[in-house]
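# Structural overview for review
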Amino acid sequence: KAGVTQTPRYLIKTRGQQVTLSCSPISGHRSVSWYQQTPGQGLQFLFEYFSETQRNKGNFPGRFSGRQFSNSRSEMNVSTLELGDSALYLCASSMSGTGSEQFFGPGTRLTVL
Amino acid sequence: KNEVEQSPQNLTAQEGEFITINCSYSVGISALHWLQQHPGGGIVSLFMLSSGKKKHGRLIATINIQEKHSSLHITASHPRDSAVYICAVTGNTGNQFYFGTGTSLTVIP
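Being a predicted model, the structure only gives us computed values, none of them experimental.

Our next topic: the overall build of chain A. Check the secondary structure of chain A and you find 0 helices and 11 strands. Helices and strands in chain A line up, N terminus first, as β-β-β-β-β-β-β-β-β-β-β. The C-alpha atoms of chain A give 13 Å as radius of gyration, which agrees with the globular expectation for 113 residues (13 Å, within 12%). Referenced to the eigenvectors of the C-alpha coordinate spread, the extents of chain A come out at roughly 35 × 25 × 25 Å. Sorting the 113 residues of chain A into buried and exposed places 50% on the buried side. The contacts of chain A with a sequence gap of at least 6 include a subset with a gap of at least 24, amounting to 56%.

Next up, the structure:
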């Protein structure tokens with residue numbers, strides 16, 4: 001079974017731009033969660049999607065948004081990028097949500113200049 | 001305020017030593033997760049538990065729900081165990097995910 005894939009793996013943007021990251025879950029998994037990892041704040045939960053609906057959301061501004069498609073693939077969008085958005089963005093898929101075992105992708109490393 | 005606290009933050013051990021990493025949490029949970037992150041970023045789920053004890057090979061995870069505490073033990077540690085170990089919990093209201101700050105483990109041959 002193929003693992004969780006994320007594209008792109010690396011991305012460089014400038015302040016004010018927007019970015020879209022993609023996550024393809026393990027086949028059969030209906031839940032995709034997104035996380036941000038920075039040296040200062042560590043890992044933080046962004047949001048979780050299940051069957052195309054956002055079920056849970058962390059404490060991030062509205063510039064961070066996401067969606068999930070009928071094939072369970074998910075995208076995360078960050079608008080009006082700030083320097084502090086530079087981070088490793090990880091997605092994880094699971095059968096039923098954050099209360100079940102999470103399978104993580106390799107991450108997208110975003111650098112905002 | 002950190003919902004999940006881990007200790008120690010850094011740990012250096014000799015190969016073969018028994019290692020314990022501790023995790024305390026302050027919220028009601030439906031599950032606790034132990035994760036392993038190697039340099040380069042990839043995260044692997046080691047355990048998910050809501051009660052008792054689980055064992056995979058040389059790794060053992062325990063949880064005490066009443067004390068809101070979990071431990072991860074590594075028996076007969078090996079240099080390939082060198083990684084960051086992260087404790088995370090799924091809250092039982094809203095299913096949010098809270099992470100500890102991680103324990104960086106280095107095992108010296």
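All right, on to the environment of S24(B) then. Residues and elements named next belong to chain B. Within the element layout of this structure, S24 appears in strand β3 (residues 19-25). Look at S24 and you get partly exposed, because its relative accessible area is 32%. Those residues in contact with S24 that sit more than four places away from it in its chain are E3, V4, E5, K68 and H69.

With that out of the way, let us pick up the pattern of salt bridges. Two side chains that carry opposite charge are able to pair once their charged atoms sit near each other. Residues and elements named next belong to chain A. Tallied over the full model, the rule gives 6 salt bridges over all chains. R55 is the partner of E48 in a salt bridge, and the nearest nitrogen-oxygen pair spans 2.8 Å. The salt bridge partner of E82 is R63, with a shortest N-O separation of 3.6 Å. With E82 in the loop between β8 (74-78) and β9 (87-94) and R63 in the loop between β6 (53-57) and β7 (64-68), this pair connects stretches of sequence that are 19 residues apart. A residue is classified by how much of its surface remains accessible, and R63, at 15% relative accessible area, is buried. The structure contains a network of salt bridges with shared partners spanning R63, E82 and D85.

We now examine the state of the cysteines. Residue and element names in this part refer to chain B. Across all of its chains, the model carries 2 disulfides over all chains by this definition. Here C23 engages in a disulfide with C87; their sulfurs sit 2.0 Å apart. Between C23 and C87 the sulfur-sulfur dihedral comes to about -65°; the bridge is accordingly left-handed. One end of the pair, C23, is in strand β3; the other, C87, is in strand β9 (residues 83-91), and 64 residues separate them in sequence. A residue is classified by how much of its surface remains accessible, and C87, at 0% relative accessible area, is buried.

The next point concerns the sheet that holds β8(A). All names here are of chain A. Taking strand neighbours across the sheet as the criterion, the 4 strands line up as β1-β3-β8-β7 in an open arrangement whose pairing is antiparallel. The sheet is open, and its two edges are formed by β1 (5-7) and β7, each paired on a single side. Across the sheet, the mean angle from the axis of one strand to that of its neighbour is 20°, orientation sign disregarded. With 5 bridges joining them, strand β3 (residues 19-24) and β8 adopt antiparallel strand pairing. Within β8, the residue paired with S22 across the bridge is E75.

Residues and elements named next belong to chain A. Inspection of the secondary structure assignment puts T38 in strand β4 (residues 31-38). Relative accessible area serves as the criterion here: at 12%, T38 is assigned to the buried category. Engagement of the side chain of T38 in a polar contact is seen with the backbone nitrogen of Q41, the distance being 3.1 Å. Discounting chain neighbours no more than four positions away, the residues touching T38 are S86 and A87.

Our next topic: the layout of surface pockets. Here the largest pocket is characterised by a volume of approximately 460 Å³. Around the largest pocket sit 19 residues that line it, and Q41(A), L43(A), Q44(A), E3(B) and F99(B) are the ones nearest its centre. At the level of elements, β5 (42-50) of chain A together with β10 (97-99) of chain B are the ones that each hand at least two residues to the lining of the largest pocket. Across the lining of the largest pocket, the residue classes tally to 7 nonpolar, 10 polar and 2 charged. What lines the second largest pocket is a set of 18 residues, and nearest its centre among them are Q37(A), T38(A), P39(A), G42(A) and Q37(B). Elements represented by at least two residues in the lining of the second largest pocket include exactly β4 and β5 of chain A together with β9 of chain B. Per-element accounting of the lining of the second largest pocket gives the leading share, 3 residues, to β9(B). The residue inventory of the lining of the second largest pocket, partitioned by class, reads 7 nonpolar, 10 polar and 1 charged.

Reading guide: rules and limits
Residues numbered from 1 in each chain as written. Chains lettered and ligands numbered in written order. Predicted model: local features only at pLDDT ≥ 70, side-chain atom pairs only at ≥ 80, totals over all residues. Heavy atoms only, no water. Helix = DSSP H or I, 4+ residues; strand = E, 2+ residues; numbered from the N terminus. Rg over C-alpha atoms; globule rule 2.2 N^0.38 Å. Buried < 20%, exposed > 50% of the residue type's maximum accessible area, 1.4 Å probe, protein only. Contact = heavy atoms within 4.5 Å. Salt bridge = Lys/Arg side-chain N within 4 Å of Asp/Glu carboxyl O. Disulfide = S-S within 2.5 Å. Pairing = 2+ DSSP bridges. Axes fitted to C-alpha atoms, helices over the stretch in contact; angles between N-to-C directions. Polar contact = N/O pair within 3.5 Å; in protein donor to acceptor, adjacent residues only side chain to side chain. 1 Å grid on protein atoms, 1.4 Å probe; cavity = no way out; pocket = protein on both sides within 12 Å on 5 of 7 lines; lining within 4 Å. Points joined across faces, edges and corners; volume = space filled by probe spheres on them. Nonpolar A, V, L, I, M, F, W, Y, C, P; charged D, E, K, R; others polar.

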